[in-house]
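Summary of the model geometry
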Amino acid sequence: MSTGLLHERAHLSSNKKSMERRKLLRASLLSFKTPFCFLREVDKCCCVLYQPDDHGLIGDVPVLRVTRQGPEAVHFVDSPLDVGQEVQLKVDWERRFDHMQQHTGQHLVTALADTMFGYKTTSWELGRQRSTIELDTPSVKPAQLQALEEAVNEKIRAHVPVTVQLLAIDDPAVEKVRSRGLPEDHAGPIRIIDIEGIDANMCCGTHVSNLSHLQVIKLLGTEKGKKNKTNLIFLAGNRVLKYAEKSFSTERSLVSLLKTGPDEHVEAVDKLQKSVKLLQKTNLSLLRDMAVLIAQNFMSNLQRGNFFSLHKKEGDNEFMNIIANEINTEETLVFLTVGEEKGPGLFLLAGPSEQVTPMGPRVLDLLQGKGAGKNGRFQGKANSLARRGEMEALLQQLCSHHTTEEE
């Protein structure tokens with residue numbers, strides 16, 4: 001990555017007419033500082049590739065991320081750039097505009113939640129699919145959530161302007177705006193985002209120039225947050241459209257799978273879950289009975305020897321332990337596995353401690369597993385049962401050698 005000071009040749013305003021111009025801009029790289037990232041002063045409000053989290057291109061070189069350090073924006077790129085080279089900058093506009101919609105949407109929701117209910121915003125998170133506002137209240141009632149959603153969308157329909165002001169840090173007007181404080185490394189004028197008649201807030205982010213550009217805001221619901229906090233989940237703009245499209249696609253798939261209309265989906269899934277639980281309970285009971293019968297069948301064989309091995313695709317730890325418990329493992333070495341024959345699974349090695357203790361690590365090695373043991377039992381998870389046959393052969397050989405010594 002390469003680093004240099006970027007000189008811009010044009011100032012781009014935030015109104016809608018300059019939208020296309022914001023996507024492309026020519027600039028010169030004046031100097032480099034460290035390999036693989038470059039810096040420029042953050043001296044304009046709506047510059048190409050200035051905003052943290054922007055993506056785009058410098059010439060043909062992708063910008064991987066942008067972060068802020070004091071008055072500078074640090075751009076991380078995946079290959080060096082030549083000093084003095086004139087380049088064309090291109091912002092990932094879809095990503096930028098999405099962030100603008102979510103960010104201005106957050107300002108609007110935050111302002112009205114405070115005005116209508118006195119709920120202060122303590123933090124917010126811009127997520128990849130949905131965003132969250134942390135409100136300083138233990139809960140938000142459903143009626144309040146509905147009223148808030150109606151209010152924010154009414155403001156969007158009212159075509160309210162959003163403007164940017166730059167104020168000196170000692171300007172008396174600074175005291176009248178909403179703020180959670182300035183960062184320690186702040187330098188230069190104070191940037192205010194003003195939603196006319198609704199909110200004025202310190203912010204260095206990119207925003208739409210009119211609330212109508214938000215299109216719509218959907219408050220999806222709330223979740224319990226930190227102590228005495230509530231997380232409000234929301235979507236703004238194009239994300240609402242994508243959410244509706246995805247929801248409709250999911251709905252159509254469920255109609256096909258469940259053979260019922262959307263209104264009956266919850267009831268149909270509830271019935272399926274109850275049926276599955278009943279089947280699982282029946283299956284477990286049968287597996288337990290099968291485990292007992294397998295062990296009894298082995299013990300009733302007078303020619304059984306001192307080694308028992310079994311692999312079964314279906315089963316769990318309880319299945320294996322039932323078999324081990326039914327067999328006299330003080331005299332018999334038992335090697336059990338469950339799962340796909342050449343895939344991941346579970347294993348149990350049980351028997352005399354003098355045999356189990358040294359062979360446990362060998363099981364882990366051959367089955368690429370993790371496990372532990374004590375008192376004559378060693379069990380765990382196997383990443384691959386492909387070499388189970390080799391392990392069985394080693395254990396068979398160990399038992400045969402032990403029998404020969406006893407004779």
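Placed above this text is the structure.
The structure reproduced in this document is the subject of the present report. Bear in mind that the values here come from a model prediction, so they are computed numbers and not experimental data.

Topic: the pairing of strand 5 (residues 61–69)
As paired elements, strand 4 (residues 56–58) and strand 5 share three bridges and run antiparallel to each other. From the neighbouring strand, G56 faces strand 5, where its bridge partner is V63. Pairing analysis gives six bridges linking strand 5 to strand 6 (residues 72–77), with the strands arranged antiparallel. Its bridge partner lying in strand 6, R65 is registered against F76.

Looking at the pattern of salt bridges
The full count for this structure, using the stated rule, is 13 salt bridges. Here R239 and D98 are joined by a salt bridge, their closest N and O atoms 2.7 Å apart. Highlighted residues: R239 in helix 4 (residues 238–258) and D98 in helix 2 (residues 93–117), separated in sequence by 141 residues. One exposure class covers both R239 and D98, and it is buried. Close ionic contact of E340 with K313 constitutes a salt bridge, the shortest N to O distance being 3.8 Å.

Focus: the side chain of H207
Looking at where H207 falls in the secondary structure, it is placed in the loop between strand 12 (199–202) and strand 13 (217–224). Judged by relative accessible area, H207 falls into the buried class, the value being 6%. A polar contact is formed between the side chain of H207 and the side chain of T104, at a distance of 2.8 Å. The contact partners of H207, leaving out residues within four places of it in the chain, are M100, H103, T104, H107 and I193.

Quick notes on unusual backbone geometry
Even without being glycine, H159 reaches a positive phi, approximately 60°. Unlike most non-glycine residues, Q368 shows phi in positive territory, near 50°. Tracing the chain through its elements places Q368 in the loop between helix 7 (353–367) and strand 18 (369–374).

Considerations on the layout of surface pockets
A volume near 530 Å³ is recorded for the second largest pocket. Those elements giving two or more residues to the lining of the second largest pocket turn out to be helix 2 and helix 4. For the lining of the second largest pocket, the element with the most residues is helix 4, which contributes five residues. Per-class residue counts for the lining of the second largest pocket are three nonpolar, four polar and 10 charged.

Description of the pairing of strand 16 (residues 333–339)
Among the seven residues in strand 16, seven count as buried, and that is most of the element. Side chains L333, F335, T337 and G339 project from strand 16 onto one buried face, and the interleaved V334, L336 and V338 project onto a second face that is buried too. Across six bridges, the pairing between strand 15 (residues 307–312) and strand 16 is parallel. From the neighbouring strand, H311 faces strand 16, where its bridge partner is T337.

Rules behind the numbers
Residues numbered from 1 in each chain as written. Predicted model: local features only at pLDDT ≥ 70, side-chain atom pairs only at ≥ 80, totals over all residues. Heavy atoms only, no water. Pairing = 2+ DSSP bridges. Helix = DSSP H or I, 4+ residues; strand = E, 2+ residues; numbered from the N terminus. Salt bridge = Lys/Arg side-chain N within 4 Å of Asp/Glu carboxyl O. Buried < 20%, exposed > 50% of the residue type's maximum accessible area, 1.4 Å probe, protein only. Polar contact = N/O pair within 3.5 Å; in protein donor to acceptor, adjacent residues only side chain to side chain. Contact = heavy atoms within 4.5 Å. 1 Å grid on protein atoms, 1.4 Å probe; cavity = no way out; pocket = protein on both sides within 12 Å on 5 of 7 lines; lining within 4 Å. Points joined across faces, edges and corners; volume = space filled by probe spheres on them. Nonpolar A, V, L, I, M, F, W, Y, C, P; charged D, E, K, R; others polar.

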